[in-house]
Amino acid sequence: MTDRDLLFMPATTAADLIRKRALSPVEYVDAVLGAIERTQPTLNAFSVVTAEDARNKARAAEQAVMAGKELGPLHGIPMNIKDLFVTKGVRTSFGSAVYADNIPTTDDDVLVTRLNAAGGIMVGKSTTPEFGHKGHTDGPSFGITRNPWNTERTAGGSSGGAAAAAAAGLGPLGLGTDGAGSIRIPASACGVVGLKPTTGLVPYEQAPDIFYNYAAAGPLTRTVADCALMMDALVGPSVLDPWSLKAPAVLPPSTITENLSGIRIGYLPALTACSPDVTANTQASLAVLASLGAEVDEVGAGMEWNAQSARLIYLTNLHVNFSGYVEKWRSRMDPVLLQWMEAGSRTTVDDYRKAQIARTQLYRGVQKLLERYDFLVSPTLPTTAIPAEAGRTVDALFNRGWNAFVYPFNHTGNPALSVPSGFGADGLPTGLQIVGRWWGDNDVMGLGAVFEQARPWADRHPPV
């Protein structure tokens, strides 16, 4: 087996080989760490590489296999953790100079704890823009994280490091966050799978306001099966996240099969204008689903999506959560974050409450659509990945319609999966977003898996 075979092997396959003693966790982790070392100067996907600890854990994982001990579902599998999650003893900077020297002494985040307990081996912390604030991964503290398919293009964000790592074979599993598309944007830009789960299905202890939360944590992987494998380790309630307390501890199996007869799909084309290649790949994807028996209808109305209200909520929350750092740290903070916080500071209470009410209207409209349809689908992004430097301008997210298809489903809480849908005229990936009913995450992944089988992509590898 070559290093390339090993690096691009699905986690499901690697876990099976490790159990059969046909793959050494030490060999596996060494190959991934070697690839990280080679690509870090070019891709810049990691803020911290935990090579020594990863190798120690790989040796322990190998000893456990040889001793016949009970193994977790992720035993020996390399993974990266986005630098928004607290990791005990490992620098957690949140992408910011403010926390450049922050070495947590508290316990790991609950999701890191769960992945560790399942046997995953962290090889490093993946990059994020400052406090995860935008849909591109760059910042004064670490530079630019670049797209493995073309390093002149953005990896997306804010989970750009996790997506770039998965796409480039730097470990098959990445843990990201998604507050306005931050898993699905980089998944589409880098040509991988990314799931924003139903709000509360995966506890999210990092939310500043847990009761008004619209962010989620979830996987970035190269295959839908790997996404599902990782989700099995993440789900379950946490007392620190009230949204999670009534969530299913275990998701029911998907009812989706290769025969999609009787499945109703609503296509959402009109949230923003798309490039011709994205439109063509989306139409080809819909044709594939229809050929498998699904009924596909265009639904141009019914969502009541108010982008201006959602933007106001986002910018105001940035101001409230992070403006306390500005007086001391302004010169070392991301200029885009500073401008967005300034915009958020001008929000009135009346405007903010109206925006919250608009969120309620959106939620109800989407749930009514999902009474008529089993799934809603759309492009994930309106274009392939745009220039890497675009994230440094104030219009980096909103004015380009970069997150127009993804952000609504943060506000409604519905599960939303991005799967690769093909390649654009520039050779970069495009994505298809699949949205389901609350707690229907396994069905969303089930439809994604059927689509993946009918229109495979994981055999394509980026040049970096």
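Shown above is the structure to which this text applies.
Calculation criteria
Residues numbered from 1 in each chain as written. Predicted model: local features only at pLDDT ≥ 70, side-chain atom pairs only at ≥ 80, totals over all residues. Heavy atoms only, no water. Helix = DSSP H or I, 4+ residues; strand = E, 2+ residues; numbered from the N terminus. Expected span 1.5 Å × (residues − 1). Buried < 20%, exposed > 50% of the residue type's maximum accessible area, 1.4 Å probe, protein only. Pairing = 2+ DSSP bridges. Axes fitted to C-alpha atoms, helices over the stretch in contact; angles between N-to-C directions. Contact = heavy atoms within 4.5 Å. 1 Å grid on protein atoms, 1.4 Å probe; cavity = no way out; pocket = protein on both sides within 12 Å on 5 of 7 lines; lining within 4 Å. Points joined across faces, edges and corners; volume = space filled by probe spheres on them. Nonpolar A, V, L, I, M, F, W, Y, C, P; charged D, E, K, R; others polar. Polar contact = N/O pair within 3.5 Å; in protein donor to acceptor, adjacent residues only side chain to side chain. Patch = residues over 30% accessible without salt bridge, like charges linked within 9 Å, V, L, I, M, F, W, Y side chains within 5 Å. Areas by Shrake-Rupley, 256 points an atom, 1.4 Å probe, with all protein chains shown as cover. Salt bridge = Lys/Arg side-chain N within 4 Å of Asp/Glu carboxyl O. Parallel < 35°, antiparallel > 145°, perpendicular 65-115°, else oblique. Core = buried A, V, L, I, M, F, W, Y, C linked by side-chain atoms within 4.5 Å. Disulfide = S-S within 2.5 Å.

A few words now on helix α15 (residues 441-454). With 14 residues, α15 should cover 20 Å at 1.5 Å per step; its first-to-last C-alpha distance of 20 Å lies within 8% of that length. Across the 14 residues of α15, 10 count as buried, placing the element largely inside the fold. Burial in α15 covers these residues: D441, N442, V444, M445, G446, L447, G448, V450, F451 and E452.

Looking now at the sheet that holds strand β15 (residues 429-435). The strand order β1-β3-β2-β8-β10-β9-β14-β15-β13-β11-β12 describes an open sheet built from 11 strands, whose pairing is mixed. Two strands bound the open sheet, and with one partner strand each, they are β1 (46-49) and β12 (295-298). For this sheet, the mean inter-axis angle between neighbouring strands, taken without regard to orientation, is 25°. Where strand β11 (residues 264-267) meets β12, four bridges bridge the pair, whose relative direction is parallel. The residue bridging I265 from the neighbouring strand is V296, located in β12. Strands in contact with helix α4 (residues 51-66) are β1 and β3 (121-126); relative to β3, the strand with the most contacts, it is inclined by about 160°. The strands touched by helix α5 (residues 110-117) are β2 (78-82), β8 (173-178) and β10 (216-221); relative to β2, the strand with the most contacts, the crossing angle is about 180°.

So, on to empty space enclosed by the protein. Empty space left among the atoms is revealed by rolling a probe the size of a water molecule over them. One pass over the structure, following the stated rule, counts three cavities of 30 Å³ or more. Empty space within the largest cavity amounts to approximately 50 Å³. E304, W305, N306, S309, A310, I313, A355, A358, R359, L362 and H411 are the residues that line the largest cavity. Within the residue set of the lining of the largest cavity, elements represented by two or more residues are α10 (307-322) and α13 (349-372). Here the residues of the lining of the largest cavity sort into six nonpolar, three polar and two charged.

Now for the side chain of T128. Relative to the assigned elements, T128 resides in the loop between β3 and β4 (138-139). T128 sits in the buried class, given a relative accessible area of 2%. A distance of 3.4 Å separates a polar side-chain atom of T128 from the backbone oxygen of S158. Setting aside chain neighbours within four positions, we find T128 in contact with K82, D83, L84, F94, G95, T137, F142 and S158.

The next point concerns the layout of surface pockets. There is about 680 Å³ of room inside the largest pocket. Along the wall of the largest pocket there are 28 residues; nearest its centre are Q206, A207, P208, N321 and F322. Within the residue set of the lining of the largest pocket, elements represented by two or more residues are β8 and α10. When residues in the lining of the largest pocket are grouped by element, the largest group, six residues, is from α10. The class makeup of the residues in the lining of the largest pocket is 17 nonpolar, nine polar and two charged. Of the voids in this model, the second largest pocket is the one considered here, and its volume is about 170 Å³. Among the elements of the structure, α13 and α14 (408-412) are those that each provide at least two residues to the lining of the second largest pocket.

Turning our attention to a nonpolar patch on the surface. Nonpolar side chains collect at one region of the surface, where V239, L240 and L245 lie side by side and expose about 330 Å² of accessible area between them. Within the secondary structure, L245 is located in the loop between α8 (224-234) and β11. L245 gets classed as partly exposed once you look at its relative accessible area, which sits at 44%.

On to the packing of helix α9 (residues 276-291) against α15. It is at 10 Å that the axes of α9 and α15 come closest, and there the two elements cross at 100°. With respect to their mutual orientation, α9 and α15 come out roughly perpendicular. Of the residues in α15, those in contact with S285, V288 and L289 of α9 are L447, F451 and A454. Looking at the contact of α9 with α15 residue by residue, the class counts come to five nonpolar, one polar and no charged.

Glancing now at the nonpolar core. Of all hydrophobic cores here, the largest spans 96 residues; its most connected members are L115 and V419. Once residues lying within four places of it in the same chain are set aside, the contact partners of L115 are L74, M79, I81, G120, L175, M230, A233 and L234. Of all hydrophobic cores here, the second largest spans 25 residues; its members include A180, F322, M333 and M341.

Before going further, it helps to spend a moment on the state of the cysteines. The full count for this structure, using the stated rule, is zero disulfides. Not part of a disulfide, C190 finds its nearest cysteine sulfur in C227, a span of 16 Å. Judged by relative accessible area, which is 0%, C190 ranks as buried.

Glancing now at the environment of A15. Position of A15 among the secondary structure elements: in helix α2 (residues 11-19). Its relative accessible area of 4% is what places A15 among the buried residues. With residues near it in sequence (within four places) discarded, A15 still touches P73 and I77.

Before going further, it helps to examine the side chain of N414. Following the sequence through the fold, N414 ends up in the loop between α14 and β14 (416-423). Looking at N414, the relative accessible area reads 0%, which means it is buried. A polar contact of 2.9 Å, which involves the side chain of N414, links it to the backbone oxygen of G436. Contacts of N414, omitting those with residues within four sequence positions, involve K196, P197, T198, V366, Q367, L370, F409, V435, G436, R437 and W438.

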